[in-house]
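Read off the chains here:
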Amino acid sequence: MHRRKQESPSAALWYVSYGDLVTNMLCFFVMLFAFSSLDSPKKRQESQSMDQRFFAVFSINQAQGAHQWLTKGDKGILMTPASQRNEAVRIVRKVRNKLAKVSMQDRIQVMDNDQVIKIQIPANVLFESGSANIKKGATDVLMALVPILGEIDNYIRIDGHTDDLPPNPKSNFPSNWELSSARACTVVRYFVDEMNMDPERFSAQGYADNRPKVPNNSITEREINRRVEINILNKKKKKIVDKVWE
């Protein structure tokens, strides 16, 4: 048995290192070319736009990103995109500016959270005691809101509330359920019938005396609980697009 003669290498060993160097340089210049094309003004603008979209949706920065609130029991965080929050702030500002020009504006409250913008109007600003007919001069309050409600697509819910005292026996309402519901419907009808607003966006609810703001222990507290609330919901009416079939 004889040993096989060891074969000599076909190329110098430094060729391996040289080949790796050339390959790395090729990859380097390919990457430079790719980055130079991505750095064009058009590509840069598209990249920044995409970054802003992701930042607006996923950021938890209170000033620029999604606003956050702890849910009941501190069990989680409810996040609202900044764009949606900014729109709510804009609507609230416009509502307050419009109501500042009407009488008794200091008695009307405007509040908002992540779900609704609530415009709270004392019942005696709009109605006489035990009545569901808008009294003379009270339409100025509702008319001030028409330009704002007309320019948005949000659904609007009108809530009627009373105190715990039953309606006057001489009135047409057997209970506070009918009175609170009738007042809410009267406000809806004003916006829809008188102001020609889209009826599909409106709804009315009557809560009677079941959702008081404060205990019904005095005349002042009962007056606070008698109210009409105009709720601008964060949900918008879906636009139906007619499809053309070829």
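To keep things clear, this report deals only with the structure shown in the data block.

Quick look at the overall build of the chain
- A count of helices and strands for the chain gives seven helices and seven strands.
- When the elements of the chain are put in sequence order from the N terminus, they spell out α-α-β-β-α-β-β-α-α-β-α-β-α-β.
- The proportion of buried residues among the 246 residues of the chain is 30%.
- Restricting to contacts in the chain with at least 6 residues of sequence separation, those with at least 24 account for 63%.
- Summing over all exposed atoms, the chain offers an accessible surface of approximately 17,400 Å²; the carbon and sulfur share of this is 56%.

Details of the packing of aromatic side chains
- Summed over the entire model, instances satisfying the criterion amount to three aromatic pairs.
- Residues phenylalanine 28 and phenylalanine 29 carry aromatic rings whose centres are separated by 5.5 Å and whose planes lie at 70° to one another, so their mutual orientation is edge-to-face.
- The exposure class of phenylalanine 28 is partly exposed, given its relative accessible area of 49%.
- With a centroid separation of 5.7 Å and an interplanar angle of 25°, the aromatic rings of phenylalanine 191 and phenylalanine 202 are classed as stacked. Taken together, the residues span a long stretch of sequence, with phenylalanine 191 in helix H6 (residues 176-194) and phenylalanine 202 in strand S6 (residues 202-206) at a distance of 11 residues.
- The exposure class of phenylalanine 191 is buried, given its relative accessible area of 0%.
- Assessed through its relative accessible area of 10%, phenylalanine 202 is described here as buried.

As for the sheet that holds strand S4 (residues 116-122)
- Spatial ordering of the open sheet is given by S3-S4-S7-S5-S6, a layout of five strands whose pairing is mixed. The open sheet terminates on both sides in strands that have one partner only, identified here as strand S3 (109-112) and S6. Adjacent strand axes in the sheet meet at a mean angle of 20°, parallel and antiparallel pairs treated alike.
- Bridge count for S3 against S4 is four bridges, and the pairing is antiparallel. Within the sheet, the bridge partner assigned to methionine 111 lies in S4 and is lysine 118.
- Where H6 meets the sheet, its contacts fall on strand S5 (154-161), S6 and strand S7 (227-236), and the angle it forms with S6 comes to roughly 165°.

Things to note about the pattern of salt bridges
- Inspection of the entire model under this criterion finds 10 salt bridges.
- Note that arginine 90 and glutamate 151 form a salt bridge whose closest N and O atoms lie 3.6 Å from each other. Of this pair, arginine 90 sits in helix H3 (residues 82-99) while glutamate 151 sits in helix H5 (residues 139-151); the two residues are 61 residues apart in sequence, bridging distant segments of the chain.
- Residue arginine 90 is classed as partly exposed on the basis of its relative accessible area of 33%.
- Judged by its relative accessible area of 43%, glutamate 151 falls in the partly exposed class.
- Its salt-bridge partner being glutamate 151, residue lysine 94 comes within 2.6 Å of it at the nearest N-O pair. Taken as a pair, lysine 94 in helix H3 and glutamate 151 in helix H5 lie far apart in primary sequence, 57 residues in all.
- According to the relative accessible area criterion, lysine 94 is partly exposed, its value standing at 29%.
- Residues joined by salt bridges that share partners form a network here, namely Arg90, Lys94 and Glu151.

Some remarks on a nonpolar patch on the surface
- A surface patch of nonpolar side chains, amounting to about 990 Å² of accessible area, comprises Trp14, Tyr15, Tyr18, Leu21, Val22, Met25, Phe28, Phe29 and Leu32.
- By secondary structure assignment, the location of methionine 25 is in helix H1 (residues 14-38).

A word on the packing of H5 against H6
- Contact geometry for H5 and H6: axes closest at 11 Å, N-to-C directions at 55°. As the angle between them shows, H5 and H6 are arranged oblique. In terms of crossing hand, the pair formed by H5 and H6 is right-handed. Only Val187, Tyr190 and Phe191 of H6 make contact with H5, whose side of the interface consists of Thr139, Leu142, Met143, Val146 and Leu149.
- Tallied by class, the residues present in the contact of H5 with H6 amount to seven nonpolar, one polar and no charged.

Calculation rules
- Residues numbered from 1 in each chain as written.
- Predicted model: local features only at pLDDT ≥ 70, side-chain atom pairs only at ≥ 80, totals over all residues.
- Heavy atoms only, no water.
- Helix = DSSP H or I, 4+ residues; strand = E, 2+ residues; numbered from the N terminus.
- Buried < 20%, exposed > 50% of the residue type's maximum accessible area, 1.4 Å probe, protein only.
- Contact = heavy atoms within 4.5 Å.
- Areas by Shrake-Rupley, 256 points an atom, 1.4 Å probe, with all protein chains shown as cover.
- Phe/Tyr/Trp six-rings, centres within 6.5 Å; stacked < 30°, edge-to-face > 60°.
- Pairing = 2+ DSSP bridges.
- Axes fitted to C-alpha atoms, helices over the stretch in contact; angles between N-to-C directions.
- Salt bridge = Lys/Arg side-chain N within 4 Å of Asp/Glu carboxyl O.
- Patch = residues over 30% accessible without salt bridge, like charges linked within 9 Å, V, L, I, M, F, W, Y side chains within 5 Å.
- Parallel < 35°, antiparallel > 145°, perpendicular 65-115°, else oblique.
- Left-handed = near helix turned anticlockwise from the far one by under 90°.
- Nonpolar A, V, L, I, M, F, W, Y, C, P; charged D, E, K, R; others polar.

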